[in-house]
Amino acid sequence: MRAIVLDQIAAVEESPLSLRDLPMPIPGPGQVRVKVHTCGLCHTDLHTVEGDLAPHRRPVIPGHQIVGRIDGLGSKVSGLKEGDRVGIPWLHWTCGGCEFCRRGLENLCVNAKFTGYDVDGGCAECTVVPAEYCYPIPGLFSDEHAAPLLCAGIIGYRAYRLCGIRPGENLGLYGFGASAHLVIQFARHQKCNVLVFTRDEGHRAHARDLGAVWTGRAEDTPPELLHAAIIFAPAGDLVPEALRVLRKAGTLALAGITMSQIPALDYSRLYDERVVRSVANSTRQDAREFLQVAAEVPLKTEIQLFDLSEANQALQALKKSEIRGAGVLRVAA
Ligand SMILES: [Zn+2]
Ligand SMILES: [Zn+2]
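Report on the accompanying structure.

Rules behind the numbers
Residues numbered from 1 in each chain as written. Chains lettered and ligands numbered in written order. Predicted model: local features only at pLDDT ≥ 70, side-chain atom pairs only at ≥ 80, totals over all residues. Heavy atoms only, no water. Helix = DSSP H or I, 4+ residues; strand = E, 2+ residues; numbered from the N terminus. Buried < 20%, exposed > 50% of the residue type's maximum accessible area, 1.4 Å probe, protein only. Contact = heavy atoms within 4.5 Å. Donors = N, O, S within 2.8 Å, 3.2 Å for Na, K, Ca; no water. Tetrahedral: all angles 85-135°; square planar, octahedral: opposite > 155°, others 65-115°. Phe/Tyr/Trp six-rings, centres within 6.5 Å; stacked < 30°, edge-to-face > 60°. Salt bridge = Lys/Arg side-chain N within 4 Å of Asp/Glu carboxyl O. 1 Å grid on protein atoms, 1.4 Å probe; cavity = no way out; pocket = protein on both sides within 12 Å on 5 of 7 lines; lining within 4 Å. Points joined across faces, edges and corners; volume = space filled by probe spheres on them. Nonpolar A, V, L, I, M, F, W, Y, C, P; charged D, E, K, R; others polar. Axes fitted to C-alpha atoms, helices over the stretch in contact; angles between N-to-C directions. Parallel < 35°, antiparallel > 145°, perpendicular 65-115°, else oblique. Left-handed = near helix turned anticlockwise from the far one by under 90°.

Here the focus is the side chain of Asn170. Residue position: Asn170 is located in strand S10 (residues 170–174). Taking relative accessible area as the criterion, Asn170 reaches 4% and is therefore assigned buried. When neighbours within four sequence positions are excluded, Asn170 is seen to be in contact with Ile165, Asn193, Leu195, Glu224, Leu225, Leu226, His227 and Ala228.

With that settled, consider the coordination of the zinc ion (ligand 1). At this site the zinc ion (ligand 1) is bound by Cys95 (SG), Cys98 (SG), Cys101 (SG) and Cys109 (SG), with donor distances of 2.3 to 2.4 Å. Between the four donor atoms coordinating the zinc ion (ligand 1), the angles at the centre fall across 103 to 119°, so the site counts as tetrahedral. One chain supplies every donor to the zinc ion (ligand 1), and in sequence these donors are spaced C-x2-C-x2-C-x7-C. Of this pair, Cys98 sits in the loop between strand S6 (91–93) and helix H2 (99–102) while Cys109 sits in the loop between H2 and strand S7 (113–114); the two residues are eleven residues apart in sequence, bridging distant segments of the chain.

As enumerated under the stated definition, the model contains eight aromatic pairs in all. Chaining the aromatic ring pairs together yields one cluster made of Tyr157, Tyr160, Phe186 and Phe290.

Attention shifts here to unusual backbone geometry. Of note, the amide linkage connecting Arg58 to Pro59 takes the cis form, showing an omega dihedral of -5°. Following the sequence through the fold, Pro59 ends up in the loop between helix H1 (43–50) and strand S4 (66–73). Geometrically, the link from Val297 to Pro298 is a cis peptide bond, its omega value of -20° lying close to zero. The backbone phi angle of Glu273 is positive, close to 60°, even though this residue is not glycine. Examined against the element boundaries, Glu273 turns out to sit in the loop between helix H8 (267–270) and strand S15 (275–278). Phi is positive for Asn281, close to 60°, though the residue is something other than glycine. Along the chain, Asn281 falls in the loop between S15 and helix H9 (284–296).

It is worth spelling out the pattern of salt bridges at this point. Side chains carrying opposite charge are able to pair once their charged atoms draw close together. One pass over the full model with this rule turns up 22 salt bridges. Put simply, Arg2 and Glu125 hold a salt bridge, and the shortest N to O gap is 3.5 Å. Here Glu125 lies in the loop between S7 and strand S8 (126–130) and Arg2 lies in strand S1 (residues 2–6), a separation of 123 residues in the sequence. Residue classification places Glu125 among the partly exposed positions, given a relative accessible area of 26%.

Attention now goes to empty space enclosed by the protein. Overall, the coordinates contain two cavities of 30 Å³ or more when judged by the stated rule. The space that makes up the largest cavity amounts to roughly 50 Å³. Its residues assigned to classes, the lining of the largest cavity shows five nonpolar, two polar and two charged. What the second largest cavity holds in volume is close to 40 Å³. Taken together, Gly153, Gly156, Tyr157, Leu182, Val183, Phe186, Phe290 and Leu299 make up the full set of residues lining the second largest cavity. Elements supplying a minimum of two residues to the lining of the second largest cavity: helix H4 (152–163) and helix H5 (178–189). Taken together, the residues that form the lining of the second largest cavity break down as six nonpolar, two polar and no charged.

Another aspect to go through is the packing of H4 against H5. Axes are the key here: two packed helices are described by the angle between their axes and the distance separating the axes. Across the interface, H4 lies against H5 with an axial gap of 8 Å and an inter-helix angle of 55°. One finds that H4 runs oblique with respect to H5. Our pair here, H4 against H5, has a crossing hand that is right-handed. Between H4, through Ala152, Gly153, Gly156, Tyr157 and Tyr160, and H5, the contact on the second element is made entirely by Ala178, Ser179, Leu182, Val183, Phe186 and Ala187. Partitioning the contact of H4 with H5 into residue classes produces eight nonpolar, three polar and no charged.

Dropping the structure here:
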């Protein structure tokens, strides 16, 4: 099968991913094999390729927003059959026995394995996944448009839940890429007022197109304070800026998987029971709930398509914030 492989971490400008011919994976007990149609790219892929996340495995096939059809079943698989269309996200497997799994926080499982990081991912014609860690994709989404739901969407949904925003309240979004362009649609469906902070005028225009009531830069002061906010950009400088315009008791959720250092903070910015919390990975329940909600709204994903062989160029475009919405690799028809 054709696959995109990362051998050595390097800046994406050096095109570290190479297209290779590899043997087809064979599904083990409890696993299914999925013929990949599309695979979305996300900042975590960028962090994996460039080594911002300590590498767990090399070579590795990246990619964890996978849409395809089951084309092989391992032993002991029930409830799924060949031909079923499924999506595969970042969470590949959890142990079920550690203290976090037992507390309903399998996203924090100490033995978790992640797609395209601990195990081969979706930048290939086939991949394998445990049957309980792939999810049916609602029929209204095409393969291309479904891909960004699987990380940008699921993580955005978890961040939205954890920031505690309620209908009618003001939600601030910092950074406006693949995740934020879905959260804004969901938040508006929940009758929230969405205020978007981003440096890029193109992204501000995009946010206004999707119904932001106000857009500006992080250092600007919006007309009303925020009840909750989510930072998607990996910039620690944004934390004091967001706290500056957050109401008492508001929660600031940090949705990036990495972040530059957070500057020293005057306690008055945090006082009055403001909460800063990070968002790490997601659970199977997040995935199932979100895909259902995505179909109910229904969310519209904006995508830019690349061929599988253009994975390096796609990551370069992602790094430079040149993609409107989400970047998606087309692997097979
Ligand atoms: Zn566990
Ligand atoms: Zn991701």
